[in-house]
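Results of the structural survey
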Amino acid sequence: MSRYYLDYNATAPVRPQVAAAVTSGLHAGNPSSVHDEGRRARAVMDDARRRLARLFNARPEGVIFTSGGTEACNLALHLRAAPAGPVRRILIGKTEHAAVLKAAQAIGIQNELPAVQVLPVHPDGTLDMAALEVALQDATPTLVCVMLANNETGVLHPVADIAAKLRAHGSVLFCDAVQAAGKIAIDMQALGCDAISVSAHKLGGPMGVGALIVRNGLVVSPLLLGGGQELGRRGGSENIAGILGFAAAAEMAHQELVDFAGLGAWRDAMEAALKESQPQVEIFGAQAPRLANTSCFGLAGLNSETLVMALDLAGIAVSAGAACSSGKVSRSHVLAAMQTRGQTEGQVGENADGALRVSFGWQSQADDWHRLIEIWSDLAAKADQLAAE
Ligand code: PLP
């Protein structure tokens, strides 16, 4: 049976060139060693660092290699120095990834900081800028965390506008760019971010490697203490094989950004077919600027987990609303946060309980979604029947 992989936001398949780059790094020495093998390992690692920095218009010294997106986000949450003084408060968007939300909660619990405040989003999924402005009336030096693209809906937040507001405030902006990197162009200087997180496997690199990229002069205190690697900001011998694959994948993704934008035509065609099949289907975030490859839709009466299993049996890989951890799917906090004014929690829940996330990528074909529509429409019609009985 043919398989249709429509889950690029979970992880993107590795290209042969990336696998070759990873393999070349498996034979490297330890970049901290002073002998020839070590120096050669450092040279290839620093070359990868320079190439990655260039893609995001950052400085090579700003690239701190980590074990992936989650570690990069956790490291960012420990940023403590803002232009206006030591960070005394954290503001986070309500639809941030668990890597940011849970790290912020943990910091709150540890009482390292007096305040962690969550910012609401509009029904279209974008950050409520008025709420941010109200929060910024308090002059407390703040770390603001707003993701560039949401992993479930693909919704893009107005990060450059947020950065402009923060500049006058003297606060720090961390932007989780794990889903946006390799899908849209990211220029850290133009966006005005102080730090971004990136993960290799979301853009076609290997799992288990990523980076926190920071602007010049930003002080980062390490989460992992050890041999002083990454300019003392992340202890532990670097994952050279992963880093080489990361740089190769990021370069390939950037060369294909125009093709990636073209995926929006398939996404739109699929959403039109969904609507034709079931006019009541809710496309989450459809009114906002979105990543071209992502669609999140839900219909009351359906169950995400059942849908994912039925589609898997038919050869189609998609995600159930929130990316599940350890196979467990729970109701999406992102979709709940997007509750439309006038909608009750229950109504949002019903659509969200039947939500699916479809995400395309470099190996997708124009008709990959056709079979999905067939199976989904079938299940939706059965749910209708059941409701009528
Ligand atoms: N941030 C976002 C927005 C994500 O989508 C993910 C992964 O799903 C992460 C962070 C964590 O990245 P990683 O899987 O590399 O730990």
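An account of the accompanying structure is given in this report. (Residues numbered from 1 in each chain as written. Predicted model: local features only at pLDDT ≥ 70, side-chain atom pairs only at ≥ 80, totals over all residues. Heavy atoms only, no water.)

Overview of the overall build of the protein
When you go through the protein residue by residue, the secondary structure sums to 14 helices and 14 strands. Here the protein has a C-alpha radius of gyration of 21 Å; the compact-globule value for 389 residues is 21 Å, and the two agree. The principal-axis extent of the C-alpha atoms belonging to the protein is close to 75 × 50 × 35 Å. Residue pairs at least 24 apart in sequence account for 75% of intrachain contacts in the protein once pairs closer than 6 positions are excluded. A total of about 16,200 Å² of accessible surface is found on the protein, and carbon and sulfur atoms cover 54% of it. (Helix = DSSP H or I, 4+ residues; strand = E, 2+ residues; numbered from the N terminus. Rg over C-alpha atoms; globule rule 2.2 N^0.38 Å. Contact = heavy atoms within 4.5 Å. Areas by Shrake-Rupley, 256 points an atom, 1.4 Å probe, with all protein chains shown as cover.)

Digging into the packing of aromatic side chains
By the definition in use, this model includes 3 aromatic pairs. Aromatic pair F65 and F246: ring centres 6.4 Å apart, planes at 70°, arrangement edge-to-face. One end of the pair, F65, is in strand 2 (residues 63-66); the other, F246, is in helix 9 (residues 240-255), with 181 residues separating them in the sequence. Exposure class is identical for F65 and F246. Each is buried. (Phe/Tyr/Trp six-rings, centres within 6.5 Å; stacked < 30°, edge-to-face > 60°. Buried < 20%, exposed > 50% of the residue type's maximum accessible area, 1.4 Å probe, protein only.)

What to know about unusual backbone geometry
What you tend to see is this: most non-glycine residues have negative phi, and most peptide bonds are trans. Positive phi is not limited to glycine here, since E230 has a value of about 55°. Position of E230 relative to the elements: it lies in helix 8 (residues 229-232).

Structural notes on the pairing of strand 5 (residues 89-93)
The buried fraction of strand 5 amounts to 5 of the 5 residues, a majority that puts the element mostly inside the structure. Covered by surrounding structure in strand 5 are R89, L91 and G93 together with I90 and I92, the residues of both alternating faces. Here strand 5 runs beside strand 7 (residues 142-145); their pairing, made up of 4 bridges, is parallel. Each residue of the ladder has a partner; that of I92, found in strand 7, is C145. (Pairing = 2+ DSSP bridges.)

Thoughts on the site of the ligand
G68, G69, T70, H97, M147, N151, D176, V178, Q179, S199, H201 and K202 make up every residue found near the ligand. Between the ligand and G69, the relevant distance is 2.8 Å, taken from an oxygen atom to a main-chain nitrogen or oxygen of the residue. In this structure, D176 approaches the ligand through a side-chain N or O atom, which is 2.7 Å from a nitrogen atom. Taking 390 Å² as the accessible area of the ligand by itself, protein coverage stands at 87%. Classifying every residue of the shell around the ligand gives 2 nonpolar, 8 polar and 2 charged. (Near = heavy atom within 4 Å. Polar contact = N/O pair within 3.5 Å; in protein donor to acceptor, adjacent residues only side chain to side chain. Nonpolar A, V, L, I, M, F, W, Y, C, P; charged D, E, K, R; others polar.)

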